[in-house]
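# Reading the structure
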Amino acid sequence: MLPLRASRPTLSKVSRAGKPVAVENVQPVKEDCVQTKRSPSSPQGGAKKRSAFGDITNANKNQQLLQKKKDGQKAALKKTRNIAVNGIIKNNEIKVRRAPRKVVISDVAVGVVKEEKISNEEVKSEPKVETGLKQVLPPDVEDIDKDSLDDPFCSSEYAEDIFSYMREREEKFVLSNYMESQKDISKEMRAILVDWMVEVQENFELNHETLYLAVKLVDHYLAVSVIVREKLQLIGSTTVLIASKFEERCPPCLDDFLYICDDAYKREELIAMEMDILQKLNFDINIPVPYRFLRRFGKCAHASMETLTLARYICELTLQDYDFVQESASKMAASCLLLALKMKDLGGWTTTLRHYSGYQEMDLLPLVKRLNFMIMCQSNEKLKAVRSKYSHRVFFEVAKLPPLDVLKLEDLS
């Protein structure tokens, strides 16, 4: 009878943690051998417990205790139990441990106070440096960023550096006469395309910076790619899409641009054109536009909203005219503002404008004459988007103002 009992599996007895005698008689080696032979569907008991469920069973705890006793960890368990029982010893040890820590914390706190005092002294010396920087401006030049120091959205501390950086980037985006290489499109087709892009900007209620950037993208793409006239509207809608992603907070979706093209192009064609434009331009689409400079120069001149809107109207008319493509953005903005000041009889180019724009009045007069002639000779009936847009009361009806007299321009020169 004894051999039969010994051959019977004893895992069910081991899983019960109530009897210490039964636990001592079980040999771990034999138990592991029995478990490896047993299948999950065995009627004699469940399969071997997974490690994720090992903490739930009592058998696992007993196995851990047995393993700790075999490894010689009985002394460590007795010490922890004695410390838990003796509350007085525990409290004394905590007090002894805390005593040196308090001294260290006090030293650190003193060091922190010293560092704060030094930092406060350094902060007090900062206004002296700022006053020295302000004296760099000439005496007749006004600090236009002084009133915007409390507005974090103006970035007045970095405004001068930002526009200096934009002036440097202008030299990188100088356009040549690319129409000489285009065989299937002309200047008139480009003007009609820009006129349509103005309507898209107005219907989608996009920012003006989006329109200016989209037109710049069209010109730079045509300067490196020869296209056919059937793709011209696709290029215009794709550049508006790219500029919207760059400038707008919530740009229109791709289906909107397919809709404004009367479904003349497919979704795959628009996506392919977007990839081609970005690759041809090396993904460098942060191109300086005149609209940003115009806002800056209008602040220098303390121009009213009506005067600034007139300058914007003149600047937006130049988008349709291919003859102004080669002009830099800052010079175009300065010339439009100077012409608007002359049309409103508000004086000339002040010292503050010369300092922040970097242009003298005599340097801008040739371009001002061309802009005034452009306003006088606007007779194309196909290009009505800009004039109808700025003839509205929202834009002070500046499109209805007469151009400057030619004799006054001759007197200025």
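How each quantity is defined
- Residues numbered from 1 in each chain as written.
- Predicted model: local features only at pLDDT ≥ 70, side-chain atom pairs only at ≥ 80, totals over all residues.
- Heavy atoms only, no water.
- Axes fitted to C-alpha atoms, helices over the stretch in contact; angles between N-to-C directions.
- Helix = DSSP H or I, 4+ residues; strand = E, 2+ residues; numbered from the N terminus.
- Parallel < 35°, antiparallel > 145°, perpendicular 65-115°, else oblique.
- Left-handed = near helix turned anticlockwise from the far one by under 90°.
- Contact = heavy atoms within 4.5 Å.
- Nonpolar A, V, L, I, M, F, W, Y, C, P; charged D, E, K, R; others polar.
- Buried < 20%, exposed > 50% of the residue type's maximum accessible area, 1.4 Å probe, protein only.
- Expected span 1.5 Å × (residues − 1).

### Structural notes on the packing of helix 16 (residues 305–317) against helix 17 (residues 329–343)
Contact geometry of helix 16 with helix 17 gives a least axis separation of 8 Å together with a crossing angle of 130°. Considering the angle they form, helix 16 stands oblique to helix 17. Two packed elements cross with a definite hand, and for helix 16 against helix 17 that hand is right-handed. On helix 17, the residues that touch Thr307, Leu310, Ala311, Ile314 and Cys315 of helix 16 are Met332, Cys336, Leu337, Leu339, Ala340, Leu341 and Met343. Counted by class, the contact of helix 16 with helix 17 contains 11 nonpolar, one polar and no charged residues.

### Points about the environment of Glu306
Within the element layout of this structure, Glu306 appears in helix 16. A relative accessible area of 30% means that Glu306 is categorised as partly exposed. Put simply, Glu306 and Val398 are 92 residues apart on the chain and 7.7 Å apart in space, counted from C-alpha to C-alpha. Beyond its immediate chain neighbours, meaning those up to four positions away, Glu306 contacts Lys344, Phe396 and Val398.

### Here we look at the packing of helix 11 (residues 208–222) against helix 16
Close contact between helix 11 and helix 16 brings their axes to 12 Å; oriented N to C, the two are set at 25°. By the angle between their directions, the pair helix 11 and helix 16 is classed as roughly parallel. In terms of crossing hand, the pair formed by helix 11 and helix 16 is left-handed. Contacts from His208, Leu211 and Tyr212 of helix 11 reach helix 16 at Arg312, Cys315 and Glu316. Residues of the contact of helix 11 with helix 16, tallied by class, amount to three nonpolar, one polar and two charged.

### Digging into the side chain of Gln201
With respect to the secondary-structure elements, Gln201 resides in helix 10 (residues 187–203). Those residues within four positions of Gln201 in sequence are excluded, and the remaining contacts are Leu206, Asn207, His208, Leu211 and Lys389.

### Structural notes on helix 12 (residues 232–247)
The end-to-end C-alpha distance of helix 12, which contains 16 residues, comes to 22 Å, matching closely the 22 Å that a straight helix rising 1.5 Å per residue would cover. For helix 12, the tally of buried residues reaches 12 of 16 residues, placing the bulk of the element in the interior. Every buried residue of helix 12 is listed here: Leu232, Leu234, Ile235, Gly236, Ser237, Thr238, Thr239, Val240, Leu241, Ile242, Ala243 and Ser244. Where the residues of helix 12 are buried, they touch helix 10, helix 11, helix 13 (254–260) and helix 14 (267–280).

In short, shape yes, function no, at least from these values alone.
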